[in-house]
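For reference, the chains in residue letters:
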There are 2 protein chains.
Amino acid sequence: MLDVYEAMRTLRAVRRLKPDPIPEDVLARVLEAATFAPTGGNAQPWRIVLVRAPETKAQLGELYAGTWTRFRTFYEQSIAGLPDDERARETRMLAAGDHLATHFHEAPVVAVFCFDPTRMAITDAKLERVSVVGGASIYPAVENLLLACRAEGLGCVLTTLLCGREPAVRTLLEIPDPWGTACAVPIGYPVGRGHGPLRRRAVAELVFDERFGSAHRTP
Amino acid sequence: MLDVYEAMRTLRAVRRLKPDPIPEDVLARVLEAATFAPTGGNAQPWRIVLVRAPETKAQLGELYAGTWTRFRTFYEQSIAGLPDDERARETRMLAAGDHLATHFHEAPVVAVFCFDPTRMAITDAKLERVSVVGGASIYPAVENLLLACRAEGLGCVLTTLLCGREPAVRTLLEIPDPWGTACAVPIGYPVGRGHGPLRRRAVAELVFDERFGSAHRTP
């Protein structure tokens, strides 16, 4: 029994995972949690491909490491100008990312989320900006899965880098048209302390009253 | 104190909401829950505009009702061929949707989620399919907010119909470039029983082992 607020308040991105297997009953609860999530018109237009075979994980890991290397270069440049303490924090995140890229295949389970865009009402498809609304029927399920991992003491992290290698991932996992991939979540018991306190902005920085830019005030 | 699994298992789309105000301390917990969510690079590229002013809610409600009418016609056609019991269920959902469209302005709070695509690494932007990855840094926060509403006994529903009227919504809420809108969540105490058991597909229908299409088996 874990309080829902406590689960949310301590759900960290855990990138150092032990290879120890996950008991089937634990995994079953984590997967069922994803199914509870809301989706547009209750269509549930997502699927998970659960990868545990070493050879398949190794191939996903190779694809992941290649995209990570490119992302890392970009990210390192973007943090170069930060104050020392912030840069140190980001550098620790990069080190954890390096670990994940090198050890991706060691996670006992990788959950690859797929989605069918033809079963979604994508209300922002015709706008000039990038579309995000399809994600409204996918990522709530991902968040549920992450929170269930937290409840079970499992480390996990939402990664979207493999979407950049989607054609190769679709071939590897035999994902048919018109399904796309939304993210991959490596899951396993944490090497270190795992979940814990978060570093997040305050409500007053993220919430506005009535008009964009007017900081929310709690009386 | 509400178990995280119990919260997920009973989080329904509640479309009939009382106009009764939400106490500030309750609202503060719901908003803080959203801030806990993971985002790519911890960028937290989302904001909430919290709408409580009657005039603004009325204008959002008018925009919502217009898009609902069009969506409803489309949806009604799509369910025409369903078996009687399924069509009856969908028709009840439509009736609840009609209620929301007519009473949208009566919800004491409408949370409009905005996002900044320039603060996101959108790894699926160059694929030929519709992009969803931006949503990975928005909808986990929305799900957290919904789960917190569940914990507080508040009804709520994730709606994306207003994205189709984004230019008007941006003008109304003074949302600047390059921010877009991801969803609107009306929140209020339920008219009826509110949250409760869900109708969802089984894990074996939504999860595959190793390859897409190979139903997950729990030993």
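Structure shown above.
Nothing here was measured: the structure is a model prediction, and the numbers come from that model. For every chain, the first residue of the written sequence is number 1, and numbering continues from 1 onward in sequence order. Chain letters and ligand numbers both follow the written order, the letters beginning at A and the numbers at 1. Owing to the predicted nature of the model, reporting of local features is limited to residues with pLDDT of at least 70; listing and counting of side-chain atom pairs is limited to 80 or more, with chain, interface and lining totals taken over all residues.

1. Structural notes on the pairing of strand S1 (residues 46-51) of chain B
All names here are of chain B.
Move 1: To sort residues by burial, count the other C-beta atoms lying within 10 Å of each one's C-beta; a count of 20 or more means buried, 12 or fewer means exposed, and anything in between means partly exposed. C-beta atoms are built from the backbone. Numbering of helices and strands runs from the N terminus, with a helix taken as a DSSP run of H or I at least four residues long and a strand as a DSSP run of E at least two residues long. Among the 6 residues of S1, 5 are classified as buried, and the element is accordingly described as predominantly covered.
Move 2: In this description, strands pair whenever DSSP reports at least two bridges between them. Here 6 bridges tie S1 to strand S2 (residues 109-115), and the two strands are oriented antiparallel to one another. Of the residues in S2, the one forming a bridge with Val-51 is Val-110.

2. A word on the sheet that holds strand S2 (residues 109-115) of chain A
Move 1: Taken in spatial order, the 5 strands make up an open sheet running S3(A)-S4(A)-S2(A)-S1(A)-S5(B), and their pairing is mixed. Of all the strands in the sheet, just strand S3 (155-156) of chain A together with strand S5 (207-209) of chain B have a single pairing partner and so form its edges.
Move 2: Alignment of strand S1 (residues 46-51) of chain A against S5 of chain B, held across 3 bridges, turns out to be parallel. Residue pairing in the sheet places Val-49 of chain A in a bridge with Phe-208 of chain B of S5 of chain B.
Move 3: Strands S1, S2 and strand S4 (180-188) of chain A of the sheet are contacted by helix H6 (residues 166-173) of chain A, whose axis makes an angle of about 70 degrees with S4 of chain A. Here, residues touch in the contact sense if the C-beta positions derived from the backbone fall within 7 Å of one another. To get an axis, a line is fitted to the C-alpha atoms, and for a helix only the part in contact is used. The angle between two axes follows their N-to-C directions and goes from 0 to 180 degrees.

3. Comments concerning the environment of Arg-217 of chain A
Residue and element names in this part refer to chain A.
Move 1: Relative to the assigned elements, Arg-217 resides in the segment after strand S5 (207-209).
Move 2: Take Arg-217: there are 10 C-beta atoms within 10 Å of it, and that puts it in the exposed class.
Move 3: Separated by 10 residues in the primary sequence, Arg-217 and Val-207 have C-alpha atoms spaced 8.9 Å apart.

4. A look at the sheet that holds S5 of chain A
Move 1: One open sheet holds the 5 strands; their spatial order is S5(A)-S1(B)-S2(B)-S4(B)-S3(B), and the pairing between them is mixed. Pairing within the sheet leaves two strands with one partner each, and these edge strands are S5 of chain A together with strand S3 (155-156) of chain B.
Move 2: Where S3 of chain B and strand S4 (residues 180-188) of chain B come together, 2 bridges link them in antiparallel fashion. In the strand pairing of S4 of chain B, Cys-156 of chain B is matched with Ile-187 of chain B.
Move 3: Against the sheet, helix H6 (residues 166-173) of chain B engages S1, S2 and S4 of chain B, with an angle of about 70 degrees to S4 of chain B.

5. Remarks on the interface of chain B and chain A
Move 1: In this assembly, 86 residues from chain B lie in contact with 86 residues from chain A.
Move 2: Element by element, the count of residues in the side of chain B that touches chain A is highest for helix H5 (residues 139-151) of chain B, at 8 residues.
Move 3: Among the residues forming the side of chain B that touches chain A, the class breakdown is 54 nonpolar, 16 polar and 16 charged. In the scheme used here, Gly and all other residues not listed as nonpolar or charged are polar, with Ala, Val, Leu, Ile, Met, Phe, Trp, Tyr, Cys and Pro taken as nonpolar and Asp, Glu, Lys and Arg as charged.

6. Here we look at the nonpolar core
Side chains that are nonpolar tend, in soluble globular proteins, to be buried together.
Move 1: Put simply, a nonpolar core is a cluster of buried Ala, Val, Leu, Ile, Met, Phe, Trp, Tyr and Cys residues tied together by C-beta atoms within 7 Å. The biggest cluster of nonpolar side chains holds 136 residues, and the ones touching the most others in it are Val-112, Phe-113 and Leu-145 of chain A together with Val-112, Phe-113 and Leu-145 of chain B.
Move 2: If near-sequence neighbours (up to four positions away) are discounted, Phe-113 of chain B is found in contact with Trp-46, Ile-48, Ile-138, Val-142, Thr-181, Ala-182 and Cys-183 of chain B.

7. Quick look at the relation of the copies chain B and chain A
Move 1: Expressed as a screw transformation, the operator carrying chain B onto chain A has a rotation angle of 180 degrees and an axial translation of 0.0 Å, and the superposed copies differ by an RMSD of 0.0 Å. With respect to symmetry, the two chain copies, as superposed, fit the operation of a two-fold axis. Among all residues of chain B, the one whose C-alpha sits closest to the rotation axis is Val-4 of chain B, at a distance of 2.0 Å.
Move 2: Comparing contact sets, 100% of the residues at the interface of chain B also lie at the interface in chain A, consistent with an isologous, same-surface contact. Overlaid copies result from least-squares superposition on C-alpha atoms, with residues included only where pLDDT is at least 70 in both.

8. Focus on H5 of chain B
All names here are of chain B.
Move 1: For H5, spanning 13 residues, the distance from its first C-alpha to its last is 18 Å, which sits close to the expected 18 Å at 1.5 Å a residue.
Move 2: Among the 13 residues that make up H5, 13 are buried, leaving the element largely enclosed by the rest of the structure.
Move 3: At the exit of H5 stands Gly-153, carrying a positive phi of roughly 75 degrees. Helices are assigned an expected span. That span is 1.5 Å times one less than the residue count.

Scope: geometric values only; no functional claims are made or implied.
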